[in-house]
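Architecture at a glance
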Amino acid sequence: MDAITQNLDLFWSGFLRSLTICLWGAVGSLILGTIIATCRVAPVAPLRTFGTAWVTVIRNCPLTVVLVMFAFGLPEIGINADFYTFGLAGLIIYTSAFVCEGLRAGINSVSAGQAEAARAIGLTFTQSLTQIVLPQAFRTSIPPVGSVIIAMIKNSAVVGAFGVGRDLFSVGESLTSAQGYAALPVLTGVAIGYLMMTLPAGLGLGALERRVAIAR
Amino acid sequence: MTDAPTDTNPTDSAARTPEPAAPTHRPLVVLEKVNKHFGDLHVLKDIDLTIGEGEVVVVIGPSGSGKSTLCRAINRLETFESGTIQIDGVSLPDEGKELAKLRADVGMVFQSFNLFAHKTIRENVTLGPIKVRGLDKDKANERADQLLKRVGITEQADKYPAQLSGGQQQRVAIARALAMDPKVMLFDEPTSALDPEMINEVLDVMTGLAKDGMTMIVVTHEMGFARRAANRVVFMSEGRIVEENTPQEFFTNPKSSRAKDFLSKILTH
């Protein structure tokens, strides 16, 4: 266990770096996923097509392919940014497709009558979505979207491996390959770091679900 | 109605009778040659119907006759393929903000209440006035409490819909529609989902509205309400308006065979 105790500060800074990626990733993919889900249920056909295409293409590509495209493909067509930005953008876009589908499950669970009643009192499409449908859809979407966010936290390791650097996974990698520490204790430390994010996330989601539960 | 319509269509000349004199002045809802299909099924066939201001029209007919679709088409919850529907002289726009504006003037009460499940009773009634009419919250609350009192819901304003009985929920739904100060109210089988002992509390509120001069289009199976409150009964069958008349004439002396057949089935038990 020396590998962990001797490098505690490294692990801690890696943890914080990963946590930052995950927080921005969660915020970004929740917002983007909501926008894409809105497109998929919009009354305008081109928006629906756009939303469906987004989900179909991105959900069916491996995360590594999406990240390589961002990190090495975009510079080829003249779009340049650092690895951190590319990595985070790739993670957000990849996760948004899954958030969208989780949200859509929630939207579909809201009875059509709720939206009809909203339209019948004169609310516009956007108003009935934001006032009536989405608040109820979010409740039902907490379990599936929560799973997506937890998967995203773990996927952040892939982003780290792609050269963002100094995140939890990269710390583990450099300790084992460059400094020659034994893999098992180091990776145990890395795993504990990820559990320190995913377990509270899971507990938080459970609490949130109980708090917003409502009788129908 | 200045002159009685002349019967020129031979297919239903036996059924169509001159429209009864309604306590009305100007046409408020006008449907002309409205047609709608669900796939191959022709659910609305050349519907012509004019409802005057202050008139109470009850639409009855066997299930699948198109009466609910007709009711829902009037505020475009159902689209239709041809024909026009005008509300207070304005044709229904296809979609967007103009349609939303027009819908705000048309109150709708659904069979399954459709109260907003995540909002309190008071919030259900104030949402439209605040978001659509731009009323400030205090005024909207004050008005909501008045309307809830009018429909007999006084203690439950801070509860959620699921905590109320069906009859109470439907009365709240009526208050929610009234809060928009609609020009016309549509009722789509408002008592069909209610336990028998709760039907009257809803019908009483509706009868009160009719007495106060509200223009109403009511799809219902409640013949007692039709007799008591309607100026006119419209009988639909297979997507057509087969017969329209005063309630008294219609129930005692139906002209068409389909109306006779329908009435014999529902009035004999």
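Residues numbered from 1 in each chain as written. Chains lettered and ligands numbered in written order. Predicted model: local features only at pLDDT ≥ 70, side-chain atom pairs only at ≥ 80, totals over all residues. Heavy atoms only, no water.

1. Examining the overall build of chain A
What counts, and what does not: The numbering of helices and of strands both runs from the N terminus, where a helix is a DSSP run of H or I of at least 4 residues and a strand a run of E of at least 2. Remark: exposure states derive from per-residue accessible area (1.4 Å probe, protein chains only) relative to the maximum for the residue type, with buried under 20%, exposed over 50%, and partly exposed in between. Contact definition: two residues touch when any of their heavy atoms are within 4.5 Å. Only the protein chains shown count as cover for residues, and all accessible areas are computed by the Shrake-Rupley method using a 1.4 Å probe. Here the positive residues are Lys and Arg and the negative ones are Asp and Glu; neither His nor the chain ends is included. In plain terms, the charge of a residue is placed at NZ if it is Lys, CZ if Arg, CG if Asp and CD if Glu.
Scanning chain A for helices and strands turns up 9 helices and 0 strands. Across its three principal axes, chain A shows a C-alpha extent of roughly 70 × 45 × 20 Å. For chain A, the proportion of its 216 residues judged to be buried stands at 43%. Pairs at least 24 residues apart make up 77% of the contacts formed inside chain A by residues separated by at least 6 positions. Summed over all atoms, the accessible surface of chain A reaches about 10400 Å², with 69% contributed by carbon and sulfur. Charged side chains of chain A number 12 positive and 9 negative; the gap between the two group centres comes to 16 Å.

2. Focus: the interface of chain A and chain B
Our working rule: Buried area counts how much accessible surface, traced with a 1.4 Å probe, disappears from two parts once they are put together, with both parts' losses summed. A pairing counts as a salt bridge when a side-chain nitrogen of Lys or Arg comes within 4 Å of a carboxyl oxygen of Asp or Glu. Ten residue types, Ala, Val, Leu, Ile, Met, Phe, Trp, Tyr, Cys and Pro, are classed as nonpolar, four, Asp, Glu, Lys and Arg, as charged, and the remainder, Gly among them, as polar.
Contact residues are listed per partner, giving 20 residues for chain A and 24 residues for chain B. Buried area between chain A and chain B, both sides added, is near 1900 Å², and the carbon and sulfur share of it is 63%. Among the salt bridges present, the one from B:Arg72 reaches A:Glu116, with a minimum N-O distance of 2.7 Å. Where the side of chain A that touches chain B is concerned, the elements lending two or more residues are helix H6 (112–120) and helix H7 (125–164) of chain A. With 7 residues, H6(A) is the single largest residue contributor to the side of chain A that touches chain B. A class-by-class count of the residues in the side of chain A that touches chain B yields 9 nonpolar, 7 polar and 4 charged.

3. Brief notes about the sheet that holds strand E8 (residues 215–219) of chain B
Residue and element names in this part refer to chain B. The condition is simple: The pairing criterion is simple: DSSP has to find at least two bridges between the two strands. Think of each axis as a best-fit line through the C-alpha atoms, taken over the contacting stretch in the case of a helix, with angles from 0 to 180 degrees between the N-to-C directions.
Taken together, the 6 strands give an open sheet; going across it, the order is E6-E7-E8-E3-E9-E10, and neighbouring strands pair in mixed fashion. At either end of the open sheet lies a strand with only one pairing partner, and these are strand E6 (106–109) and strand E10 (240–245). For this sheet, the mean angle separating the axes of adjacent strands, direction not counted, is 20°. Where strand E3 (residues 56–60) lies against E8, 4 bridges are found, and the strand directions are parallel. From the neighbouring strand, Val59 faces E8, where its bridge partner is Val219. With respect to the sheet, helix H9 (residues 257–267) is in contact with E3, strand E9 (232–237) and E10, its orientation differing from that of E9 by roughly 100°.

4. Describing the sheet that holds strand E5 (residues 90–91) of chain B
Residue and element names in this part refer to chain B. One open sheet accounts for 4 strands, arranged E2-E1-E4-E5; its pairing is antiparallel. Because the sheet does not close on itself, it has two edges, and the strands there are strand E2 (41–52) and E5. Taken together, the 2 bridges between strand E4 (residues 82–87) and E5 define a ladder with antiparallel strand orientation. The residue of E5 that forms the bridge with Ile87 is Val90.

5. As for the nonpolar core
As a rule of thumb, soluble globular proteins bury nonpolar side chains together. Residues and elements named next belong to chain B. Put simply, the rule is: Here, nonpolar core means buried Ala, Val, Leu, Ile, Met, Phe, Trp, Tyr and Cys residues that are tied together by side-chain atoms lying within 4.5 Å of each other.
Counting residues in hydrophobic clusters, the biggest one holds 49 residues, and the most contacted among them are Ile174, Met185, Phe187, Met206 and Met216. The dominant element in this core, judged by the number of residues it contributes, is helix H6 (residues 196–211), at 8 residues. Residues within four places of Phe187 in sequence aside, it is in contact with Cys71, Val109, Ile174, Met206, Leu209, Met216, Ile217, Val218 and Val219.

6. Re empty space enclosed by the protein
Residue and element names in this part refer to chain A. Note the cut-off: Cavity: a set of points on a 1 Å grid over the protein atoms alone where a 1.4 Å probe fits but cannot get out. Pocket: an open set with protein on both sides within 12 Å along at least five of seven lines, its lining residues, like those of a cavity, having an atom within 4 Å of a point. Grid points are joined across faces, edges and corners, and a volume is the space filled by probe spheres set on the points.
Applying the stated criterion to the full structure yields 3 cavities of 30 Å³ or more. For the largest cavity, the full set of lining residues is Leu67, Ala71, Phe83, Phe86, Gly87, Val159, Phe162 and Val164. Secondary-structure elements contributing two or more residues to the lining of the largest cavity are helix H4 (63–76), helix H5 (83–109) and H7. Of the residues contributing to the lining of the largest cavity, the split by class is 7 nonpolar, 1 polar and no charged.

7. Some points on the confidence of the model for chain B
All names here are of chain B. Our working definition: Every residue gets a pLDDT, meaning the predictor's confidence in that residue, from 0 to 100.
Looking at chain B as a whole, its pLDDT mean stands at 88, while 90% of the residues score no less than 70. Confidence, expressed as mean pLDDT per element, reaches its minimum in chain B at helix H2 (residues 96–104) with 87 and its maximum at strand E7 (residues 184–188) with 96. Long-range and interchain partners of residues 1–19, a stretch whose pLDDT sits below 50, account for 21 contacts in this model, where long-range means more than four residues apart. Both confidence scores are given for the complex: pTM 0.81, ipTM 0.84.

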